[in-house]
Amino acid sequence: MRTSSNPTAGDKDQEAAENVVLDCGWGRLLFAQTFEDGDLLLDTLLEEQEGRRDIAFYVTDPHVLLSLRPQQVFLDPSHTYRLDLEETPERQTHPAFTVSRLESREDAEAVNTCYMHWGMVSVDEEFLLACRDDPRYLHLVARDTTSGEVLGTVTGLDHVEIFGDRDNGSSLWCLAVDAQAHYPGIGVALVAELAQRLRQRGRTYMDLSVLYSNEEAIALYEKLGFYAVPLFALKTRNSINEKLYIGPAPEQDLNPYARLIVDEARRRGIAVEVLDAEGGFFRLTHGGRSIVCRESLSEMTTAIAMSRCDDKAVTQRLLRQAGLSVPEQMRAGTPQENAHFLETHKRVVVKPCAANRVTAWPWTCARPMRWRPPWPRPASTATWSCWRISSRATTCASSSSTMKWWPPPCAGPPKSTAAASIASPS
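Attention in this report is confined to the structure presented alongside it. (Residues numbered from 1 in each chain as written. Predicted model: local features only at pLDDT ≥ 70, side-chain atom pairs only at ≥ 80, totals over all residues. Heavy atoms only, no water.)

### Digging into the nonpolar core
Part 1 of the reasoning: Trp26, Leu29, Phe31, Leu157 and Trp173 are the most contacted members of the largest nonpolar core, which totals 34 residues.
Part 2 of the reasoning: At the level of secondary structure, the elements contributing two or more residues to this core comprise strand E2 (28–31), strand E3 (55–59), helix H3 (105–117), helix H4 (125–130), strand E7 (137–144), strand E8 (150–158), helix H5 (159–163) and strand E9 (169–177).
Part 3 of the reasoning: Here this core gets five residues from one element, more than from any other, and that element is H3.
Part 4 of the reasoning: Once residues within four sequence positions are removed from consideration, Phe31 is found in contact with Val20, Leu22, Phe57, Tyr58, His159, Ile162 and Phe163.
Part 5 of the reasoning: Core analysis: the next-biggest nonpolar cluster, separate from the first, contains 28 residues, Leu140, Ala142, Leu190 and Tyr221 among them. (Core = buried A, V, L, I, M, F, W, Y, C linked by side-chain atoms within 4.5 Å. Buried < 20%, exposed > 50% of the residue type's maximum accessible area, 1.4 Å probe, protein only. Helix = DSSP H or I, 4+ residues; strand = E, 2+ residues; numbered from the N terminus. Contact = heavy atoms within 4.5 Å.)

Written out as C-alpha cells, the structure reads:
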C-alpha cells in the first residue's frame, strides 16, 4: 500500500507517520499511502460513524482492495487532479470580496450554510474554530468587502504537517460558493489563494478529488493548471454515498412492494432486470446466479409459504403464535361497530385480506365513514377484514367477515374484489 511518487523521498531525514487518519469534521480522511496493510485500511474505513463521510484517498490499487470488501466499500467515481505549486495561479483580486482565514463563529455558520446548499456534510462549528490555529488545516473564506458576508469557502490540508509527507504534498477539499453570491470568480479566487499559501509553506503540489460528472468544475481546474493523476478514493456504502454506487434506477415503474426489494438489491450491488413492471416481476443477478421474483416472492418460495403470506388471517395467527406483537383489530361488522372502532383509534386503514393488490384507504375521525358507496354496488359481496399499521413498524393481522361492499366514498372501486381490511395506528 505504501507508495511514494518522489524518487528521492527516501533521502529526506523526516520520518513519515504510519496508518494516518485525519478528522476533517465532515468525516475522516485516510491517507492510503501510509498504510502497508490493505485489510487494516479497509477495517479502519469501515469504522465510519453515522452521518459522516470517510474517504480513503491516494489508493493506487483499488481493484485489490475492492475484492476484499466488495459489499461494504465502493470505488468513488471521481477523478484526482493535481496542481504543481511551482506554477501556482496568481492571486485573484476583486473589489467586491477578499479571501482570508476563517475567523469567527459567524464564519463557521456561514461555511455550513454553503455546505448544506450543495448537499455536503456539515461540520461542527466548534471543530472549525478549534482548527484556526492548527497548522494541518487551512480554512479560507471569501468575504464581501461591504457587508462582511461569507460568499464561499475552501479547505486546504498540509500533508507535511499531518504525517511528514515525503512527497511534500497538500490537498484541497470542500470548495463551495454561496448559491446567492452574485460576484463572478469567487471559486477561482479561493483556489488561487489556497495554492499561494501552500506554496509559501514550501509544498510541491496540491491535489483534489472531483466527481467525474462535474464538468464545469473540471473545466475550471484544468484552466487553472490542474491535470489528472492515476490516484483513487474508496468510500463506504452508506446512505450519504448511495447515489454514487447504487447506479441508475430501472426506467420501468414498479409497485411499492417490488420497489422496496429492487432498491435494496441495488444498494447491495445486485443487478436488477425488470421483466413485467405491472405485475411486479423482476430478475436479480449476483455472482453468476439469477433468480426471478415477484415482489417479495421468488422461485424459491413454496406454495405453503405463499399461502401463509397471502392470507392475512393465517399470517396473523402465525405471528401471534410466534410471540410477535400484532396490532389491535376487529372484524368488519355493522356500520355502528366500524364507526366505534374508528372513534376509538382515531385513524384506520382499509386493506385487502388476501394479498396487497387493492388500494389502501386511510381514515380519520375528521373524515367520517360513509358505508353507502356513491357508485352502483356490485351484486356480489366481498370478504373484508381489519388490519392495523403501527406508527413505526408495520405488522399486519386480519380476521374476516362477509359484508356488503363498503369502500371509502372518495377512493373509487377497488381493483380487486378479493378482500379488504380496516387498520388502526398504534
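### Regarding the pairing of E3
Part 1 of the reasoning: Burial analysis of E3 places five of its five residues in the buried class, the great majority of the element.
Part 2 of the reasoning: With three bridges connecting them, E2 and E3 associate as parallel partners. Its bridge partner lying in E3, Leu30 is registered against Ala56.
Part 3 of the reasoning: What joins E2 to E3 is helix H1 (residues 38–45), and the crossover it makes is right-handed.
Part 4 of the reasoning: Relative to strand E12 (residues 232–236), E3 is paired through two bridges, and the arrangement is antiparallel. When the sheet's bridge partners are listed, Ala56 is paired in E12 with Leu234. (Pairing = 2+ DSSP bridges. Right-handed = clockwise from strand over helix to strand, strands pointing away.)

### Here's the deal with the packing of aromatic side chains
Part 1 of the reasoning: Under the counting rule described, the total for this entry stands at nine aromatic pairs.
Part 2 of the reasoning: Look at Phe57 and Trp173: their rings are 5.2 Å apart centre to centre, the planes differ by 75 degrees, and that puts the pair in the edge-to-face class. Placement of the pair is Phe57 in strand E3 and Trp173 in strand E9, with a sequence separation of 116 residues. Both residues of the pair, Phe57 and Trp173, count as buried.
Part 3 of the reasoning: A connected cluster of aromatic rings, assembled from ring pairs, spans Trp26, Phe31, Phe57, Tyr58, Phe163 and Trp173. (Phe/Tyr/Trp six-rings, centres within 6.5 Å; stacked < 30°, edge-to-face > 60°.)

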